[in-house]
Amino acid sequence: ACYEAALQYAGERVQFGKPLAGFQLVQEKLTRMLSQLTTMQLYCRRIADLESRGALRPTQASLAKYTCTRTARDIARDARDLLGGNGILLENRVIQHLVDIEAIHTYEGTESVQALLIGRDITGIGAFV
Ligand SMILES: Cc1cc2nc3c(=O)[nH]c(=O)nc-3n(C[C@H](O)[C@H](O)[C@H](O)COP(=O)(O)OP(=O)(O)OC[C@H]3O[C@@H](n4cnc5c(N)ncnc54)[C@H](O)[C@@H]3O)c2cc1C
């Protein structure tokens with residue numbers, strides 16, 4: 001939703017005589033958002049496949065949660081930035097998603113705790129209790 005809102009806004013908002021979407025830096029931001037979004041979708045697709053086969057390991061779920069929540073935060077932040085001042089208005093939806101993702105970042109395992117679980121799995125050394 002944040003990506004779609006940013007893309008639409010960039011096509012409509014005119015600054016310096018042309019739509020924001022016509023500026024190279026804006027296109028790079030949109031490209032990064034789409035790239036990140038596709039990465040998240042592939043993660044989710046992959047763990048859904050593993051889960052449906054009964055083959056999903058907890059650390060794989062941690063890796064997906066770690067990646068998708070931090071990436072969703074980045075996308076929401078970039079979208080808010082692309083909407084400029086309008087990005088903080090609730091009616092433009094992006095700020096609501098940005099705040100919502102903050103909760104998901106923390107519950108069902110914070111980013112740091114997911115990292116500790118993954119770190120223990122890949123190194124064999126538990127860095128917490
Ligand atoms: C919207 C929302 C809904 C929730 N719903 C539920 C629910 O339905 N059921 C439920 O049981 N709980 C729920 N929670 C609670 C959630 O699971 C906890 O907030 C979460 O586990 C983090 O615990 P904490 O808040 O005590 O933070 P803390 O454990 O105090 O952590 C604070 C910070 O320290 C970091 N940290 C902690 N330990 C380490 C460490 N060893 N090394 C490095 N960093 C560390 C954390 O990553 C975090 O950044 C919900 C939380 C939110 C925000």
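Residues numbered from 1 in each chain as written. Predicted model: local features only at pLDDT ≥ 70, side-chain atom pairs only at ≥ 80, totals over all residues. Heavy atoms only, no water.

**Here we look at unusual backbone geometry**
Note the cut-off: Each residue's exposure class comes from its accessible area (1.4 Å probe, protein chains only) as a fraction of the maximum for that residue type: buried when under 20%, exposed when over 50%, partly exposed otherwise. Helix numbering and strand numbering both begin at the N terminus, where a helix is a DSSP run of H or I of at least 4 residues and a strand a DSSP run of E of at least 2.
In this structure, Phe16 takes a positive phi of about 50° despite not being glycine. Taking the relative accessible area as the measure of exposure, Phe16 reaches 79% and is therefore exposed. Non-glycine residue Glu108 carries a positive phi angle of around 55°. Relative to the assigned elements, Glu108 resides in the loop between α4 (94-106) and α5 (111-123). You can call Glu108 exposed: its relative accessible area is 69%.

**So, the side chain of Glu111**
Quick note on the threshold: Residue contacts follow a heavy-atom distance rule, with two residues in contact if any of their heavy atoms lie within 4.5 Å.
The topology assignment puts Glu111 in helix α5. According to the relative accessible area criterion, Glu111 is buried, its value standing at 16%. Residues contacting Glu111, with those up to four places away along its chain left out, are Tyr66, Arg70 and His105.

**A word on the site of the ligand**
To keep things clear, this is the line we draw: Residues are classed as near a molecule or strand on a simple rule: at least one heavy atom within 4 Å of it. In protein, a polar contact requires one atom able to donate a hydrogen and another able to accept it; more generally it is a pair of N or O atoms within 3.5 Å, and residues adjacent in sequence count only if both atoms are side-chain atoms. The protein chains shown are the only cover counted for residues, whose accessible areas, like all others here, come from Shrake-Rupley with a 1.4 Å probe. Three categories are distinguished: nonpolar for Ala, Val, Leu, Ile, Met, Phe, Trp, Tyr, Cys and Pro, charged for Asp, Glu, Lys and Arg, and polar for the others, with Gly belonging to the last.
Every residue near the ligand is listed here: Ala103, Thr106, Tyr107, Glu108, Thr110, Ser112 and Leu116. One of the side-chain N or O atoms of Thr110 is found 2.6 Å from an oxygen atom in the ligand. Within the complex, the protein chains bury 28% of what would otherwise be the 970 Å² of accessible surface of the ligand. Those elements that place two or more of their residues in the shell around the ligand are α4 and α5. A per-class count over the shell around the ligand returns 3 nonpolar, 3 polar and 1 charged.

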